[in-house]
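An overview of the molecular structure
For reference, the chains in residue letters:
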Amino acid sequence: MTGKQIRLVVDDERCQGHNRCRLLAPDLIEIDDLGFAHAKGDGRVPPEQSEKARLAVKNCPEFALRLETDD
Amino acid sequence: MHAPASRLDAVDLSDGQTFARGFPHDHFVWARRHAPVYWHAPTQRTPGGEGFWVVTRHEDTMAVMCTPEVFSSDLVPPRTGGGTGIHDDPQAGKTMIFMDDPRHKRFRSLVNKGFSARSILALETELRRRTTALIDAMPEGEPFDFVDAFSRDLPLQAICLLLGVPQDERAQLVEWVDHGIAEANGEIIAREDFRKLRDYGRDLIRRKRQNLADDVLSTIIQARLEPNEEGSEGGPLTDAELVNFFMLLFAAGSETTRSAIGGGMKALMDHPEQLERLRTADIAETRLALEEILRWTTPTIYKRRTATRDVDFKGHQIRAGDKVTFWEMSANRDEAVFDKPFSFDTRRAPNLHLAFGFGTHVCLGASLARLELRVAFSELLARIASFRSEGPIEWMPSNRLLGIRRMPMSIRRKQAVPN
Ligand code: HEM
Ligand code: SF4
């Protein structure tokens, strides 16, 4: 069984630009000019990045990040 | 597991004087290693002869903050007060910082409408104007007090801007808050000034209702929740709730930011090579530097919660009703999370400091505080060629806020560039 596709999602309403996610998962997150986070591309998390994605989710002080599973 | 009690008892964390010469780091380095969670015995200063738990590590501090259903900010009966200080606060349950979810969430989602990072950024131009005026008024080549000349005013101006306090009323307000902070004895703003400020707040809210404008206070006055959204009964905030919120902004947003600006200035003067580097830093590097200033200064030293039930925490039996304190300043020097925690390093990345808290109560004003810091340091560095410390800092004798009372320094301006 291959794992399901995981996506990293940023909740724009919650993000306050603490910038941690970008430092913890630089390949998955970009920061715009105003300092807010956005998932890179379509947010897909490759398997080798899933640990970093989890770390970013866990360390967002605003709980603005979540992982979603495509089905 | 058990540390010699004498070693722990030697440092009385309930005594403001313990912090009069700065934070007792030695004690916490030792505690993080040998007694990361410990019971602080009652002292002469602990209310009701009651002791409290002390949580010192980063990981455990996060755990407490992320489990609000067990570690409450509200009033936990049979207490008649609660909140986030060692002393029970009668305001518990009346203001968002002393509420638990879901009531807290209802409140927070209402005020969030005015506090999004984007509405905060709209204040930048005006804040910059105010900042440069303060810098231009600093004396050159002679010692002056940085708190008096700069770090006191800026945070209060920022809150006034946010609330849409008319320009000609700001000076009076600034004086009350400032006087209140200076006189405060264990409280964050002294009682008498607290009353004046509250009366003013009531009046301002009444005037805003009649004359809604493009400011955060007007946004919050108009905000209403749909019934059921976040599990609430819905509706707008009441006047009493609005006044409490108005007060909370001054209590939470003035002295804290003041310490971060003052402490950041001091840290940069102590590390001139980092100060010079920051002059030419890009925005990403500047943001990192501000985070390090927040970690380094950690303006609020500890928080308290109340256990809602018996719980086994890191091998300790915490009982329902016990007071549990966690020490952000200790967490922010935790060797397990920060490489060389006692070095100030403006390039530290990532910087998982807890200066703004974490989770449900994470600082509502974080974006505003960051904006203030960014504007303050970018303008200071752009206008001033050299900064010099002119003597030791005087700290406030308080365990709640690592407040700077006086900071003597002197400056030389940059030569005006002829155009
Ligand atoms: C560098 C400056 C600041 C620091 C270090 C700071 C720190 C904190 C911390 C640690 C908390 C969490 C309290 C808890 O967990 O019990 C908090 C909450 C809060 N802060 Fe700040 N703060 C700062 C500036 C501000 C400003 C400028 C404002 C607003 C003008 C503000 C408004 C608030 C409010 C309203 C809360 C309560 C949030 C809630 O309960 O959901 N703070 N702050
Ligand atoms: S850590 Fe959270 S709040 Fe900070 S930038 Fe990332 S998503 Fe936004």
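The structure contained in this document is the topic of the report that follows. (Residues numbered from 1 in each chain as written. Chains lettered and ligands numbered in written order. Predicted model: local features only at pLDDT ≥ 70, side-chain atom pairs only at ≥ 80, totals over all residues. Heavy atoms only, no water.)

**Describing the overall build of chain B**
Stated precisely, the cut-off is as follows: Here a strand is any run of E in DSSP of at least two residues, a helix any run of H or I of at least four, and the numbering for each starts at the N terminus. Atoms counted for the radius of gyration: C-alpha only. Globule rule: 2.2 Å times the number of residues to the power 0.38. Whether a residue is buried, partly exposed or exposed follows from its accessible area with a 1.4 Å probe, protein chains only, as a fraction of its type maximum: under 20%, in between, or over 50%, in that order. Residues are treated as being in contact if the distance between any of their heavy atoms lies within 4.5 Å. Using a 1.4 Å probe, accessible areas were evaluated by the Shrake-Rupley method; residue-level cover was limited to the displayed protein chains. Charge counting treats Lys and Arg as positive and Asp and Glu as negative, with His and both chain ends excluded. Note that the charge is assigned to NZ on lysines, CZ on arginines, CG on aspartates and CD on glutamates.
When its secondary structure is counted, chain B shows 17 helices and 14 strands. Relative to a compact globule of 419 residues, whose C-alpha radius of gyration would be 22 Å, chain B shows 21 Å and is just as compact. For chain B, the C-alpha atoms occupy an extent of roughly 70 × 55 × 40 Å along the three principal directions. Within chain B, the fraction of its 419 residues that count as buried is 58%. In chain B, the proportion of contacts linking residues at least 24 apart, taken out of those at least 6 apart, comes to 71%. Counting only carbon and sulfur atoms, one obtains 50% of the accessible surface of chain B, whose full area is about 17900 Å². Taking the 56 positively charged and 59 negatively charged side chains of chain B as two groups, their mean positions are separated by 1 Å.

**Points about the coordination of the iron atom of ligand 1**
Four donors placed tetrahedrally around a metal ideally meet at 109.5 degrees, and six donors placed octahedrally ideally meet at 90 or 180 degrees. To keep things clear, this is the line we draw: Think of the donor list as every N, O and S atom within 2.8 Å of the metal, or within 3.2 Å for Na, K and Ca; water never makes the list, so a site can look incomplete.
The protein gives the iron atom of ligand 1 a lone donor atom, B:Cys363 (SG), placed 2.3 Å from the metal. One can find B:Cys363 in the loop between helix 16 (328–331) and helix 17 (366–383).

**As for the sheet that holds strand 1 (residues 6–10) of chain A**
Think of a sheet as strands paired side by side through backbone hydrogen bonds, with each pair either parallel or antiparallel. Residues and elements named next belong to chain A. Inclusion rule: Strand pairing is defined by DSSP finding a minimum of two bridges between the two strands. For every element, the axis is a line fit to its C-alpha atoms; helices are fit only across the contacting stretch, and the angle between N-to-C directions ranges from 0 to 180 degrees.
Pairing is antiparallel in the open sheet, where three strands are placed in the order 4-1-5. Either end of the sheet is taken by a strand with one partner, and the two such strands are strand 4 (44–45) and strand 5 (65–69). Judged from the five bridges that link them, strand 1 and strand 5 form a sheet pairing that is antiparallel. Within strand 5, the residue paired with Val10 across the bridge is Leu65. Where helix 2 (residues 50–59) meets the sheet, it contacts strand 1, strand 4 and strand 5, and its direction lies at approximately 140° from that of strand 5.

**Comments concerning the nonpolar core**
Where we set the bar: Here, nonpolar core refers to any group of buried Ala, Val, Leu, Ile, Met, Phe, Trp, Tyr and Cys residues whose side-chain atoms link them within 4.5 Å.
Counting 86 residues, the largest nonpolar core has B:Phe146, B:Phe150, B:Met265, B:Leu380 and B:Phe387 as its most contacted members. Ranked by residues supplied to this core, first place goes to helix 17 of chain B with 10 residues. When sequence neighbours within four positions are dropped, the list of residues in contact with B:Phe150 reads B:Thr131, B:Leu134, B:Ile135, B:Met138, B:Ile261, B:Ala376 and B:Leu380. A:Ile6, A:Val10, A:Ile29 and A:Ala53 belong to the second-largest nonpolar core, a separate cluster that totals 19 residues.

**Section: the site of ligand 2**
Our working rule: For each residue, the test is whether any non-hydrogen atom lies within 4 Å of the molecule or strand; if one does, the residue is near. Amino acid classes used here: Ala, Val, Leu, Ile, Met, Phe, Trp, Tyr, Cys and Pro are nonpolar; Asp, Glu, Lys and Arg are charged; the rest, including Gly, are polar.
Around ligand 2, the surrounding shell consists of A:Cys15, A:Gln16, A:Gly17, A:His18, A:Asn19, A:Arg20, A:Cys21, A:Ala37, A:Cys60, A:Glu62, A:Ala64 and A:Leu65. When the residues that make up the shell around ligand 2 are grouped by side-chain class, the tally is six nonpolar, four polar and two charged.

**Focus: the sheet that holds strand 2 (residues 52–55) of chain B**
Residue and element names in this part refer to chain B. As summarised here, the arrangement of the five strands in space is 1-2-10-7-3, forming an open sheet in which the pairing is mixed. Edge positions in the sheet fall to strand 1 (37–40) and strand 3 (71–72), since each of these pairs with one other strand and no more. Relative to strand 2, strand 1 runs antiparallel, the two sharing four bridges. Bridged to Trp39 within strand 2 is Trp53. Against the sheet, helix 3 (residues 58–65) contacts strand 1, strand 2, strand 3, strand 7 (302–307) and strand 10 (323–327), and its axis sits at roughly 130° relative to strand 10.

**Focus: the interface of chain A and chain B**
Size of an interface: often given as the accessible area lost when the parts come together. The condition that has to hold: The term buried area denotes the loss of accessible surface (1.4 Å probe radius) that occurs when two parts are joined, taken as the sum for both partners. We define a salt bridge as a contact between a side-chain nitrogen of Lys or Arg and a carboxyl oxygen of Asp or Glu at a distance within 4 Å. Each polar contact in these results corresponds to two N or O atoms within 3.5 Å; when the atoms are within protein, one needs to be able to donate a hydrogen and the other to accept it, and residues that are neighboring in sequence are counted only if both atoms are side-chain atoms.
With 21 residues of chain A at the contact, the number on the chain B side is 26 residues. Carbon and sulfur atoms make up 56% of the area that chain A and chain B hide from each other, which totals about 1800 Å². For the pair chain A and chain B, the number of links is one salt bridge. Ionic pairing is found between A:Glu62 and B:Arg108, a salt bridge with its closest N-O pair at 4.0 Å. Scanning the region where chain A abuts chain B turns up six residue pairs in polar contact (both at pLDDT 80 or more). Those elements giving two or more residues to the side of chain A that touches chain B turn out to be helix 1 (20–24) and helix 2 of chain A. In terms of residue count, the dominant contributor to the side of chain A that touches chain B is helix 1 of chain A (three residues). Residues of the side of chain A that touches chain B, tallied by class, amount to eight nonpolar, six polar and seven charged.

**Describing the pattern of salt bridges**
All names here are of chain B. Under the counting rule described, the total for this entry stands at 43 salt bridges over all chains. Put simply, Lys266 and Asp270 hold a salt bridge, and the shortest N to O gap is 2.7 Å. In this pair, Lys266 and Asp270 are both assigned in helix 13 (residues 255–270), four residues apart and thus about one turn of the helix distant. By relative accessible area, which is 26% here, Lys266 ends up partly exposed.

Read these as geometric descriptors, not functional statements.
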